[in-house]
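Results of the structural survey
What follows is the residue order along each chain.
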Amino acid sequence: MISMYIIDEQNVSGIIENYLTTTKTDSTSFYLKAAEHLISYIPESAQRITFFIDGSQIGTLGAAVAYLLSRANKDLILFVRASSLTEETEAFLQILEEQKAHIYLLNNVNQLQDLHAVIAETHLIVDALATLPKTQDEFLFVKQLIQVINRVQLETLAFDFPFYANDETIITATNIVTFIAAKKCFTNTHFLTAFGQDEISIESLDIPELYYQDKIEAQYIDQDDISDILKQKQWSITDHKYKFGHALIIAGNVGTIGAALLAGEAALKSGCGLVSLYTHPELANLVPLRNPEIMSHAYTDINNLQVDIKRASSILIGPGLGITNQSLALLELIFAQATCPIIVDADALTLIHKQPQLLTTFSYPVIFTPHAHEFARFTGLEIDEISSHRIDVAREFAKKYNVILALKGYQTIISDGITTYVNTTGNAAMASAGMGDVLAGIIAAMTAKQYASLEATIASVYLHGACGDWLSIEKDRVLATEVINEIPDRLQFLY
Ligand SMILES: NC(=O)C1=CN([C@@H]2O[C@H](COP(=O)(O)OP(=O)(O)OC[C@H]3O[C@@H](n4cnc5c(N)ncnc54)[C@H](OP(=O)(O)O)[C@@H]3O)[C@@H](O)[C@H]2O)[C@@H](O)CC1
Ligand SMILES: Nc1ncnc2c1ncn2[C@@H]1O[C@H](COP(=O)(O)OP(=O)(O)O)[C@@H](O)[C@H]1O
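Residues numbered from 1 in each chain as written. Chains lettered and ligands numbered in written order. Predicted model: local features only at pLDDT ≥ 70, side-chain atom pairs only at ≥ 80, totals over all residues. Heavy atoms only, no water.

Glancing now at the sheet that holds strand β10 (residues 216-220). Here twelve strands make up an open sheet; going across it, the order is β8-β1-β10-β19-β18-β17-β16-β15-β14-β11-β12-β13 and the pairing mixed. Each edge of the open sheet is held by one strand with a lone partner, namely β8 (182-183) and β13 (295-298). Here strand β16 (residues 366-368) runs beside strand β17 (residues 404-407); their pairing, made up of two bridges, is parallel. In the strand pairing of β17, F368 is matched with L405. Against the sheet, helix α11 (residues 302-311) touches β11 (246-250), β12 (274-279), β13 and β14 (314-317), its axis set at about 140° to β11. (Pairing = 2+ DSSP bridges. Helix = DSSP H or I, 4+ residues; strand = E, 2+ residues; numbered from the N terminus. Contact = heavy atoms within 4.5 Å. Axes fitted to C-alpha atoms, helices over the stretch in contact; angles between N-to-C directions.)

Given below as structure tokens:
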């Protein structure tokens, strides 16, 4: 993990400025001290180095590193993209100019034609750009600049984050050193596809958390967080099954009874005391043949269902349920009568979209677990919009509907609208049918065991991914049932 906290990349300059002003730190000394650390990221073998800097504080860090490198007799070319520079950058550039570094002001598209040839002669690119384009002209300029830089295919060190024009046009950095904390752009799907966490190092710049705590957008979940959550519940040798909670699951249909079984089995393996499954009338009798621990009923048995709704300590609705009027009626019944946390997954997410008034009436915790496609269907947002702003869209949705949202995928985002978490477990070997049904079953168990809903969701998402990571050490593909069987061991390990 690179850092626990995630901040917006556009806040870094302000945080540095505020820190320098508040602490009355001498800014030149600050940048030079930071540059002394940063210089260790420059390979010894790179003799000719191209810098791209701008008017941001990141640009100043670039200029400070260039200044130190010029004293080490490196050959430097600096391209400066800015209408105004910080005082410190101006001062560093003045010295660099005196020391015969090549400095070019980069403000004209025509200059880009010759840029490729100039950069190609060097051994390393340092991307110290951080000011995102504000106008269409700037955007077009930056886009072309990035394309030229990427075409050279040189080793590229990015300061803070690889500079980007949009999701498709990002500097293809080979190394990233990020400042203060991790950056929000790192959680976007395009970035996650382009860069691995291994390529990212962090330098705190010795700025204490106090100076950015109000800018924290999200935090990565780590193993210690999960252990702390799990340890909140200690079980006694005299406990009976009701102490471990009763999960009520409404799931499955003709052709998708598997989803219901996966959720039910996952709930049991996650330590739930009892699981009651309500499913399609033709399938209810088949459930015990596969899993005798699960109590199964037809979802048309409304009298029994109403009793179980009152007895349940968590209710999961949706996996494989089907998008039918019957399912919608069940959803309405649950929302009307529940007194415990509800997990809304899969088809129930699609159905609830048709009855949004349900989301204005509940008084118990509600947990939504959409994948990106289900989330797009619900919100009307484009998949691209979701992929580019995963933290923002998850937080805003959770806040708007007063629910806990787990936006699934690589690095699942979990938010209650106030605090947002980014999961650090799970991998593409888990991209197989029924994997989300298993997660829903784990969350049903954790909430049934009376963990607070947000903490139950975080712990479940982490545990689910940890099972997948463990299994994928020896396998390229991981099945949903394999994850279920791994749950008890991983759970014990995390305790
Ligand atoms: N054994 C069983 O009984 C099983 C039963 N199941 C049950 O089936 C029901 C339907 O669930 P479902 O998610 O497959 O279909 P649905 O919501 O219509 O989405 C379809 C489109 O969404 C997309 N997409 C899909 N996943 C995505 C992702 N992770 N992240 C992003 N996008 C994703 C993809 O579109 P694409 O990206 O290819 O354009 C795809 O074409 C549900 O009740 C479930 O519980 C399944 O769990 C399987 C095992
Ligand atoms: N590439 C991936 N990296 C990490 N986790 C993944 C990846 N692909 C899928 N998963 C996880 O697997 C689960 C898939 O859920 P979902 O798409 O609802 O599956 P299904 O509908 O088949 O049950 C989610 O928890 C998701 O986070």
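Among the secondary structure elements, T412 is positioned in the loop between β17 and β18 (413-415). Looking at T412, the relative accessible area reads 7%, which means it is buried. Sequence-distant contacts of T412, that is, excluding residues within four places in its chain, are made with R390, A406, L407, Y421, V422, N423 and V461. (Buried < 20%, exposed > 50% of the residue type's maximum accessible area, 1.4 Å probe, protein only.)

Near ligand 1, the surroundings consist of 16 residues, among which G320, D347, H371, R377 and D437 are the closest. The protein chains hide 49% of the 900 Å² of surface that ligand 1 would expose on its own. Mapped by element, the contributors of at least two residues to the shell around ligand 1 are α9 (257-269) and α14 (372-379). The element that contributes the greatest number of residues to the shell around ligand 1 is α14, accounting for four residues. Across the shell around ligand 1, the residue classes break down as five nonpolar, seven polar and four charged. (Near = heavy atom within 4 Å. Areas by Shrake-Rupley, 256 points an atom, 1.4 Å probe, with all protein chains shown as cover. Nonpolar A, V, L, I, M, F, W, Y, C, P; charged D, E, K, R; others polar.)

It is worth spelling out the UniProt feature "binding site: AMP" (unreviewed entry) in the protein chain at this point. The feature "binding site: AMP" (unreviewed entry), as annotated in UniProt, sits at K408, G409, Y410, Q411, T412 and G436 in this numbering. A compact arrangement is adopted by the annotated residues: their sequence extent is 29 residues, whereas the largest C-alpha distance between any two is 13.9 Å. By the secondary structure assignment, G409 is in the loop between β17 and β18. Using a relative accessible area of 46% as the deciding quantity, one classes G409 as partly exposed. Looking at T412, its side chain comes within polar contact range of the main-chain oxygen of G409, at 3.0 Å. (UniProt positions renumbered as here; feature names shortened; annotations may be inferred. Polar contact = N/O pair within 3.5 Å; in protein donor to acceptor, adjacent residues only side chain to side chain.)

Let us now look at the packing of helix α1 (residues 12-23) against helix α3 (residues 57-71). One way to put it is that α1 packs onto α3 with a least axis distance of 8 Å and a crossing angle of 75°. Taken as axis vectors, α1 and α3 run roughly perpendicular relative to one another. Judged by residue contacts, V12, S13, I16 and E17 of α1 engage Q57, I58 and L61 from α3. Its residues assigned to classes, the contact of α1 with α3 comprises four nonpolar, two polar and one charged. (Parallel < 35°, antiparallel > 145°, perpendicular 65-115°, else oblique.)

Quick look at the packing of aromatic side chains now. Under the criterion given, the structure shown has 20 aromatic pairs. Measuring from ring centre to ring centre gives 6.1 Å for F335 and F362, while their planes differ by 80°; the resulting arrangement is edge-to-face. Here the residue F335 occupies a position in helix α12 (residues 325-337), and F362 occupies one in the loop between α13 (347-354) and β16, the gap between them amounting to 27 residues. For F335, a relative accessible area of 4% puts it in the buried group. Overall, F362 belongs to the buried group, its relative accessible area being 14%. Here the aromatic rings of F378 and Y401 are separated by 5.8 Å at their centres, their planes lie at 85°, and the arrangement is edge-to-face. Highlighted residues: F378 in helix α14 and Y401 in helix α16 (residues 390-401), separated in sequence by 23 residues. One aromatic cluster is present, built from ring pairs that chain together F368, F375, F378, F397 and Y401. Directly above the ring of Y451 sits K233, whose terminal nitrogen or CZ lies 5.9 Å from the centroid. Sitting over the face of the ring of W470, R490 holds its NZ or CZ atom 3.8 Å from the ring centroid. (Phe/Tyr/Trp six-rings, centres within 6.5 Å; stacked < 30°, edge-to-face > 60°. Lys NZ or Arg CZ within 6 Å of the ring centre and 35° of its normal.)

On the UniProt side, "binding site: (6S)-NADPHX" (unreviewed entry) is annotated at positions that read A259, G320, H371 and D437 here. Here G320 is to be found in the loop between β14 and α12. Judged by relative accessible area, G320 falls into the buried class, the value being 10%. With respect to the helices, strands and loops of the structure, D437 is situated in helix α17 (residues 435-448).

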